[in-house]
Structures are given as C-alpha cells and as structure tokens.
Amino acid sequence: MTSREKESYTIQSVENALDVLEALGEDPEEVRITNLSSRLGLNKTSVFRLLATFERRGYVEKKDHNGTYRLGLSAYEIGQKFLLRMNLLSKAKPLMERLAFSCDEAVYLAVPRNEEVLFLDMVDTSQQVKTISLVGQRFPLRETAAGKAILATLAPQHTALTHAENRSIVERGGCIDHGVLGEDISSVAVPIADPNDMHLGALVIVAPDFRMDTGRIQSEILPQLIDTGEIVSSRLGHVGHLINQYPLL
C-alpha cells in the first residue's frame, strides 16, 4: 500500500487524539488545555473533548486543583504490555540487569525512531549519586553515542557518520559521548542487531562524568558492554561482530 493510499484511510479525529496523547507523553510537567491547543494547532473545545474521553478511560488524569493534565495509568499499562511483548527487550533485560550489577551503573536500551533515538528501558544503579532517568526521552540520532553506535552498524554508503567518526567507533568497539545527554553526564554505547543486520538498537551505560574517566571506560565499561551487546544480538539470531563488519575505507 502506497503512502497516499494509507493517507486516504486515516481518520483526522484519531490523528488528533494521538497527537494529544503524544504531546502529554513528551512533556515532563502537567499540561493545561491552552498549552496543548496552542502547541497542536487545535481549538480548545476539541482538546477538552479528547482529554475528557481519555480521562474517562484512564489514559489521562486531571488535577482538579489547577486544571492540568498528565498521562494516566491506562497509558502506562498499555506501554508495559507492549514492552513485555517486545522480543528485543525480553532478550536484553536479563543481560542488562547482569551488566548493571557488574558495573554498578545505569544500563539503558535505546532504539531508533526516525531521526531520533528513544531511551526505551533502563536498569538503575545502586550508586547514591545517579543521573536523572532518561526512559521515554528522545535525542537526535546523529548526536548521541547511542545513535552513532546504531549508525555504525550500517554499510558505509548508508550511514550518516563521517569517515573519522566511523573509524573511531570501529577502533574502540563502541561509541562514547560527554555532555550530550545532559551536563556532566557521559554515555558509552554499543549496537544490537538481528540476523538480517537490522540495527535494532543500542545498549548504553550512562553515568556522571566523575565516574567515567577514560581508564575506567576502556578497561571496564566498554569491554563488558561490547560482550553484553554481542550476547544480546546472538540471542536474537545475529552471527558475528557488529560494528567492525564493514571495512574502513
């Protein structure tokens, strides 16, 4: 079915409803109808009716004291059911837990979504000093260690990475960034792929800069992350290494 044929089957009211839910999901704060109306280009009456419907079904909660809205438990339950059914997450989660215990740092599963990378799930660290949770947040694919690790699994003619970036990732076996996900935050990422070399996502360790010096990253964090990423990929049916499968030009 072509994109034009798909568009002919879309229902605008459903599109609007999904836009409202996605806007609520992207905003960490509770939102007012006026803000949603302005952001989405919808009139206030339409937004109010959509929110009232979602509230009745438990997908949205309203704060009566200030008239603001946020996602409700039904939306969370749907998300959790989806995550449980995802083959990638079911294969990765036990290994993420083992890696988090071994390194005592937060381990994330990130997946590509258009030109962004979505931090889908996380196993937290027991450290007293932690970074704020990134679950549910999206960042530019091209700017983050997670996104670049995913891009590095592609053949050179299809990747958005420069030759120098690709060489650096191949030589290290993973990708590192500092300050991209937040001030004084470092992340190290390796890719995950399936038997068809589909770049499914990345395993990412995220921690404060002061615990992520170069020596620790090279001797402890990156080797364990690479091993874990390859085990996850092998459980998904992938054979061989990931980011060094294509020759450096």
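All figures in this text were calculated on a predicted structure; none of them were measured in a lab.

**Concerning the packing of helix α3 (residues 33-40) against helix α4 (residues 44-57)**
Point 1. As a packed pair, α3 and α4 sit with axes 9 Å apart at the nearest point and diverge in direction by 115 degrees. Remark: the crossing between α3 and α4 carries right-handed chirality. Of α4, the residues touching α3 (which contributes I33, T34, L36 and S37) are K44, V47, F48 and L51.
Point 2. Of the residues in the contact of α3 with α4, the class split is five nonpolar, two polar and one charged.

**Focus: the pairing of strand β7 (residues 185-193)**
Point 1. The element β7 is extensively covered by neighbouring structure, given that nine of its nine residues are classed as buried.
Point 2. Both strand β6 (residues 175-178) and β7 contribute to a ladder of four bridges, which runs antiparallel. Within β7, the residue paired with C175 across the bridge is A189.
Point 3. Two successive antiparallel strands, β6 and β7, enclose a turn made up of six residues, where G179 displays a positive phi of approximately 80 degrees.
Point 4. In terms of strand pairing, β7 meets strand β8 (residues 199-208) through nine bridges, oriented antiparallel. Along β8, the bridge assignment pairs S187 with V206.

**Considerations on the nonpolar core**
Point 1. If you look at the biggest cluster of nonpolar residues, it comprises 29 residues, and the most contacted ones within it are L88, L109, V188, L203, I205 and V232.
Point 2. The dominant element in this core, judged by the number of residues it contributes, is helix α6 (residues 87-103), at eight residues.
Point 3. Aside from chain neighbours lying at most four places away, what touches L203 is M96, Y108, L109, V188, A189, V190, I192, L225, T228, G229 and V232.
Point 4. Ranked by size, the runner-up nonpolar core spans 24 residues in total, among them Y108, L134, C175 and I185.

**Things to note about the pattern of salt bridges**
Point 1. All told, the structure shown has 12 salt bridges when counted by the stated rule.
Point 2. Salt-bridge contacts for E105 lead to R211; the nearest nitrogen and oxygen are separated by 2.7 Å. In this pair, E105 is assigned in the loop between α6 and β3 (106-113) and R211 in the loop between β8 and α9 (214-235), connecting sequence segments 106 residues apart.
Point 3. In this structure E105 comes out as buried when scored by relative accessible area, which is 0%.
Point 4. Measuring nitrogen to oxygen at the nearest pair gives 3.7 Å for the salt bridge that ties E116 to R138. Of this pair, E116 sits in strand β4 (residues 116-123) while R138 is found in strand β5 (residues 138-140), placing the two residues 22 residues apart along the sequence.
Point 5. Residue R138 is classed as partly exposed on the basis of its relative accessible area of 28%.

**Digging into the sheet that holds β5**
Point 1. Pairing is antiparallel in the open sheet, where six strands are placed in the order β5-β4-β3-β8-β7-β6. Of all the strands in the sheet, the pair left with one neighbour each is β5 and β6. Geometrically, the sheet is characterised by an average inter-axis angle of 30 degrees between neighbouring strands, direction not taken into account.
Point 2. Relative to β5, β4 is paired through three bridges, and the arrangement is antiparallel. Bridge assignment links V117 to a residue of β5, and that residue is F139.

**Brief notes about the packing of aromatic side chains**
Geometry of an aromatic ring pair is reported as the spacing of the ring centres plus the angle between the planes.
Point 1. Taken as a whole and assessed by the stated rule, the structure comprises two aromatic pairs.
Point 2. With 5.4 Å between their ring centres and 80 degrees between their planes, Y108 and F119 make a pair best called edge-to-face. In this pair, Y108 sits in strand β3 while F119 sits in strand β4, placing the two residues 11 residues apart along the sequence. Here Y108 and F119 have matching classes, each one buried.
Point 3. Measuring from centroid to centroid gives 5.5 Å for F119 and F139, while their planes differ by 80 degrees, and the two rings are edge-to-face. You can see F119 sitting in strand β4 and its partner F139 sitting in strand β5, a full 20 residues away along the chain.
Point 4. Given a relative accessible area of 1%, F119 falls into the buried group.
Point 5. Residue F139 is classed as buried on the basis of its relative accessible area, which comes to 11%.
Point 6. An aromatic cluster is defined as three or more aromatic residues linked by ring pairs; in this entry it consists of Y108, F119 and F139.

Rules behind the numbers
The numbers attached to residues start from 1 for each chain and follow its sequence in the written order. Owing to the predicted nature of the model, reporting of local features is limited to residues with pLDDT of at least 70; listing and counting of side-chain atom pairs is limited to 80 or more, with chain, interface and lining totals taken over all residues. In computing side-chain values, all of the structure's heavy atoms are included and hydrogens and water are not. Only the stretch in contact is used when fitting a helix axis, every axis being a line fitted to C-alpha atoms; angles between N-to-C directions are given from 0 to 180 degrees. Working definition: helices are DSSP H or I runs of at least four residues, strands are E runs of at least two. Numbering for both runs from the N terminus. Take the far helix as the reference: if the near one is turned anticlockwise from it by less than a right angle, the crossing is left-handed, and if turned clockwise, right-handed. By definition in these notes, contact holds between two residues if any of their heavy atoms fall within 4.5 Å. Residues are grouped as follows: nonpolar covers Ala, Val, Leu, Ile, Met, Phe, Trp, Tyr, Cys and Pro; charged covers Asp, Glu, Lys and Arg; every other residue, Gly included, is treated as polar. Per-residue accessibility, obtained with a 1.4 Å probe over protein chains only, is compared with the maximum for each type, and a residue is labelled buried under 20%, exposed over 50%, and partly exposed between these values. The pairing criterion is simple: DSSP has to find at least two bridges between the two strands. Joining through side-chain atoms within 4.5 Å is the link that ties buried Ala, Val, Leu, Ile, Met, Phe, Trp, Tyr and Cys residues into a set, and such a set is a nonpolar core. The salt bridge criterion pairs a side-chain nitrogen of Lys or Arg with a carboxyl oxygen of Asp or Glu, the two atoms within 4 Å. Two aromatic rings, drawn from Phe, Tyr or Trp (for Trp, its six-membered ring), form a pair once their centres lie within 6.5 Å of each other, and the interplanar angle then sorts them: stacked below 30 degrees, edge-to-face above 60, tilted otherwise.

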